[in-house]
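# Descriptive structure summary
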Amino acid sequence: SELRLDITLQCGQSFRWREISPGQWRGIIRNRVWTLSQDDSHIMFQTHSSENVSARQTDLSKQVSTIQMKQKASFGQATKRKNTEDIKMSPTNKRIRNNQYTKIYDCEINELNDIGENKLKEELRNYFRLDISLESMYSLWSKADVNFAAVSPQFHGVRIMNQDAVENVFSFICSSNNNIQRISLLVERLCKIYGSPLAAVDGITWHSFPGVSSLAAPGVEETLREHGFGYRAKYIHKSAQMIMEEGGDSWLHSLRSLPYYECHSQLMRLPGVGAKVSDCICLMSMGHLSAIPVDTHVFQIAARDYLPHLRTCKTVTEKVYHEIADHFRNVFGEYAGWAHSVLFSADLKKFERLKTEKKTTKNVCS
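The structure contained in this document is the topic of the report that follows.

Reading guide: rules and limits
Position numbers for residues start from 1 in each chain and track the written sequence from start to end. Residue-level local features of this predicted model are given only where pLDDT is at least 70; pairs of side-chain atoms are given and counted only at 80 or more, and the full residue set underlies all totals for whole chains, interfaces and linings. Water and hydrogen atoms were dropped before computing side-chain values, which therefore reflect all heavy atoms in the structure. Under the scheme used here, helices are H or I runs from DSSP no shorter than 4 residues and strands are E runs no shorter than 2 residues, and both carry numbers assigned from the N terminus. A simple rule labels every residue: compare its accessible area, found with a 1.4 Å probe on the protein chains alone, to the largest value its type can have, and call it buried under 20%, exposed over 50%, or partly exposed in between. Only heavy atoms enter the contact rule, under which two residues are in contact if any of them lie within 4.5 Å. Accessible surface is estimated by sampling points in the Shrake-Rupley manner with a 1.4 Å probe; for residues, cover comes only from the protein chains shown. We define a nonpolar core as any set of buried Ala, Val, Leu, Ile, Met, Phe, Trp, Tyr and Cys residues linked to one another through side-chain atoms lying within 4.5 Å. Whenever a carboxyl oxygen of Asp or Glu lies within 4 Å of a side-chain nitrogen of Lys or Arg, that contact is scored as a salt bridge. By convention, a stacked pair of Phe, Tyr or Trp rings (six-membered ring in the case of Trp) has centres within 6.5 Å and planes under 30 degrees apart, an edge-to-face pair has planes over 60 apart, and any other such pair is tilted. Should the NZ of a Lys or the CZ of an Arg lie within 6 Å of a ring centre and within 35 degrees of the ring normal, that charge is described as sitting over the ring. A pair of sulfur atoms, both from cysteines and within 2.5 Å, is called a disulfide here. Using a grid of 1 Å spacing that covers the protein atoms alone, one calls a set of points a cavity when a 1.4 Å probe fits there but cannot get out, and a pocket when the set is open and has protein on both sides within 12 Å along at least five of seven lines; lining residues are those with an atom within 4 Å of a point. Grid points are joined across faces, edges and corners, and a volume is the space filled by probe spheres set on the points.

Looking only at helices and strands, the chain has 17 helices and 11 strands in total. By the burial criterion, 53% of the 366 residues in the chain qualify as buried. Taking the contacts inside the chain whose residues are at least 6 apart along the sequence as the reference set, 63% of them involve residues at least 24 apart. Looking at the chain as shown, the accessible area adds up to about 16400 Å², and 48% of this sits on carbon and sulfur atoms.

Written out as structure tokens, the structure reads:
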């Protein structure tokens, strides 16, 4: 499977997605409200405008065999649905990255009458990194690690999302000493206080993520403390101020061009951003897919399954942190952060039921 929305959207990468009905998800991508669902070979999506008028509902598809069975990239034709046109896609510029873990296919969508619809498809592809084949990576990771081989059949389709850096920085500052449910509440609260309304869908108003300048304004820390952010309020305000002093959004986005260790170091200058939060940002927003966020949960996985001598350690020291991260990179290679996220998801209690399923429903999308 190339994508499972139910795992990817709930495994602690992004905190703004809700399952509004079984198999149907609603959230924000690039300050646009999306509703997503999937079948065996398609992602169905719908976007919602500020006038509460739904945009076109479209299939975004690539046949299963193009990723799983063939090195040659050949693309099928999307199913026609209401208010949509057929999507014809063709391969171009096939290339293989300079590593052994994945084949990348550059593809172009033929001209469509609706340029906006074309842009939406590309946004979705970019968000879920659908140009990267999971089938080939899962195969290599399974050969490299018996633990991965054991859990991966039930956890196919876990993707690292390519998220906006501003949202990721402040969302993970909210993650300090928090669980996913609590983080989601704080992030949504932050958006309601300082974001702008994007759309009202089914009686719920969705807001944009706040801009850095809004979070750097006077009085933000006091307001956030009043709304239950605690000590995180200071970190949010001070980090926003520092980003503005460095040049605003453009400075933050420029960190993508830096090598991993330099990018990681620059992010750790922000108040409230330690090694783990910096690695989350590097992995999910800066394109450093070898970054390994090590929290207590990952420490427990490492001590239990990989580095038994760590079982006597009571805390995750800097030395232990680097030992765990380096071990995962040695085992899984350049995309180690992705493999680590599969193992992390497989260990979450909320997905415990998947381990006991005799047959996993195939949700293959791209």
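On to the nonpolar core. Of all hydrophobic cores here, the largest spans 82 residues; its most connected members are F170, L252, L267, I324, F332 and W338. Setting aside residues up to four positions removed in sequence, I324 forms contacts with V294, V298, F299, A302, L307 and L310.

Looking at the secondary structure, you find H322 in helix 15 (residues 318-332). In the structure, H322 is positioned 47 residues away from A275 in sequence and 9.7 Å away in space, judged by C-alpha atoms.

The next subject is the pattern of salt bridges. Taken as a whole, this structure holds 12 salt bridges when the rule is applied. For R16, the salt bridge identified is with E188, shortest N-O distance 3.4 Å. Remark: E188 occurs in helix 7 (residues 180-194) and R16 occurs in the loop between helix 1 (5-8) and strand 1 (18-21); sequence separation between them is 172 residues. Here the salt bridges do not stand alone but share partners, grouping R16, R18 and E188 into one network.

Another aspect to go through is unusual backbone geometry. Excluding glycine, residues mostly have negative phi values, and the peptide bonds linking residues are mostly trans. One non-glycine residue, R129, adopts positive backbone phi at about 50 degrees. Tracing the chain through its elements places R129 in the loop between helix 3 (115-128) and helix 4 (134-144). Overall, R129 belongs to the buried group, its relative accessible area being 10%. The backbone of N177 sits at a positive phi, close to 50 degrees, despite the residue not being glycine. For N177, the location among the structural elements is in the loop between helix 6 (165-173) and helix 7. You can call N177 exposed: its relative accessible area is 71%.

Looking now at the packing of aromatic side chains. Scanning all chains against the criterion turns up 14 aromatic pairs. Following the ring pairs from residue to residue traces out a cluster consisting of Y138, W141, F148, Y306, F328 and F332. The ring of W206 has R18 sitting right over it, with the charged end atom 4.5 Å from the ring centre.

This part is about the state of the cysteines. Within the structure shown, the criterion is met by 0 disulfides. Between C263, a free cysteine, and C282, which holds the nearest cysteine sulfur, the sulfur-to-sulfur gap is 3.9 Å. Here C280 is not cross-linked by a disulfide; its sulfur's nearest cysteine counterpart is in C282, at 9.4 Å. Its relative accessible area of 4% is what places C280 among the buried residues.

Once that is clear, we can look at the layout of surface pockets. Its volume calculated, the largest pocket comes out at about 990 Å³. Elements supplying a minimum of two residues to the lining of the largest pocket: helix 7, helix 13 (275-285), helix 14 (296-305) and helix 16 (336-346). If you tally residues by element for the lining of the largest pocket, the top one is helix 13, at 5 residues.

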